[in-house]
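Descriptive analysis of the structure
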Amino acid sequence: MTIHKSPREIASYSSLESAFGSVPVRSRGALAPCVALIGCDGSGKSTLARDLVALLDRQSPTRSMYLGLGTGDLGRRIGELPLIGRLAERFLTGKAKRAHEGPDKRLPGLATALAMFGFSLARGRRFRKVLDYRRGGVQVITDRYPQAEIPGSFDGPGLSWKRKGSAAVERLAARERALYDDMAAYRPTVVIRLNVDVDTALARKSDHQRDMLEKKLAVVPTLRFGGAQIVDVDATRPYHEVLETVLAVLRRYGLHS
């Protein structure tokens with residue numbers, strides 16, 4: 001199955017090229033399929049992405065790509081450092097929570113905003129790699145997918161364009177929003193939304209905070225990913241059932257194992 005690009009998609013790819021440097025042009029006619037796995041932490045995205053690639057790659061070249069920011073794992077790794085680890089983790093967690101507060105709060109300071117913008121640039125580079133794969137005829141399974149609908153985490157811009165801040169930080173927020181608009185212009189072939197409840201998520205991710213998981217569980221169902229096809233899957237079931245269900249969905253979209 002191939003997805004043909006609209007003029008907007010072609011323009012968006014050009015914008016990504018200008019943001020990160022020129023890239024080789026392989027094809028301008030079609031993109032190989034892209035399957036986006038989304039869901040709350042603990043829904044099984046990473047395991048499913050790994051197994052889907054192993055199965056689908058038998059029939060057609062398939063790769064996986066993590067499209068999250070990775071800030072949560074980074075904070076947990078820092079927390080494991082001796083002596084200063086726990087203090088540093090609490091500091092970063094506090095900064096992240098304040099950065100994701102509502103529109104009545106101000107944007108973070110320049111240092112925090114630059115760090116958040118840097119993570120978004122890294123996500124943009126990984127997204128460009130996804131496009132390179134697809135333009136070369138390689139199917140891609142993504143763990144998460146960028147969205148431009150809701151700012152403040154949830155795989156959207158970290159710097160909310162709805163909030164005020166210093167002139168420099170507001171400029172960063174505008175540039176970050178443009179980056180996410182460009183990425184979101186490329187709709188996945190299909191979005192697999194893996195649904196779990198908060199207790200299941202906590203049982204699988206015991207180091208996570210319940211309130212943050214509940215917030216993600218509330219937001220994920222509202223995301224539309226630019227009108228992409230979205231299929232809901234009950235990820236609380238035994239893993240082999242989830243895998244078989246997703247494979248059956250992918251067969252309908254021309255991806256075979």
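A few points on the structure. (Residues numbered from 1 in each chain as written. Predicted model: local features only at pLDDT ≥ 70, side-chain atom pairs only at ≥ 80, totals over all residues. Heavy atoms only, no water.)

When helices and strands are counted, the protein chain shows nine helices and five strands. Listed N to C, the secondary structure of the protein chain is α-β-α-β-α-α-α-β-α-β-α-α-β-α in terms of helices and strands. Within the protein chain, the fraction of its 257 residues that count as buried is 46%. Taking the contacts inside the protein chain whose residues are at least 6 apart along the sequence as the reference set, 79% of them involve residues at least 24 apart. Of the roughly 12,500 Å² that the protein chain leaves accessible, carbon and sulfur atoms contribute 54%. (Helix = DSSP H or I, 4+ residues; strand = E, 2+ residues; numbered from the N terminus. Buried < 20%, exposed > 50% of the residue type's maximum accessible area, 1.4 Å probe, protein only. Contact = heavy atoms within 4.5 Å. Areas by Shrake-Rupley, 256 points an atom, 1.4 Å probe, with all protein chains shown as cover.)

Before going further, it helps to examine the sheet that holds strand E2 (residues 62–66). Read from one edge to the other, the open sheet built from five strands follows the order E2-E3-E1-E4-E5, with strand pairing classed as parallel. With one partner strand each, in any of the chains shown, E2 and strand E5 (230–234) form the two edges of the open sheet. Neighbour-to-neighbour, the strand axes of the sheet open up by a mean angle of 20°, direction not taken into account. Where E2 meets strand E3 (residues 139–143), five bridges bridge the pair, whose relative direction is parallel. What sits directly across from Tyr-66, in E3, is Asp-143. Helix H2 (residues 45–56) rests against strand E1 (34–39), E2, E3 and strand E4 (190–195) of the sheet, and its axis sits at about 170° to E3. Sheet strands touched by helix H5 (residues 110–135): E1, E2 and E3. Its angle to E2, the strand with the most contacts, is close to 170°. (Pairing = 2+ DSSP bridges. Axes fitted to C-alpha atoms, helices over the stretch in contact; angles between N-to-C directions.)

Core analysis: the biggest nonpolar cluster contains 29 residues, and Val-35, Leu-37, Leu-52, Ile-141, Ile-192, Val-246 and Leu-250 have the highest contact counts within it. Among the secondary structure elements, those contributing two or more residues to this core are E1, H2, E4, helix H7 (198–204), E5 and helix H9 (239–252). (Core = buried A, V, L, I, M, F, W, Y, C linked by side-chain atoms within 4.5 Å.)

Across its 14 residues, H9 extends 20 Å between first and last C-alpha, which sits within 8% of the 20 Å expected from 1.5 Å per residue. All of the buried residues along H9 are Val-242, Leu-243, Val-246, Leu-247, Val-249 and Leu-250. Buried residues of H9, viewed axially, fall in a sector of 160°; they line one side. The exposed residues of H9 that point more than 90 degrees off its buried face are His-240 and Arg-252. Positive backbone phi, at 85°, marks Gly-254, one or two positions downstream of H9. (Expected span 1.5 Å × (residues − 1). Arc of directions from axis to C-beta.)

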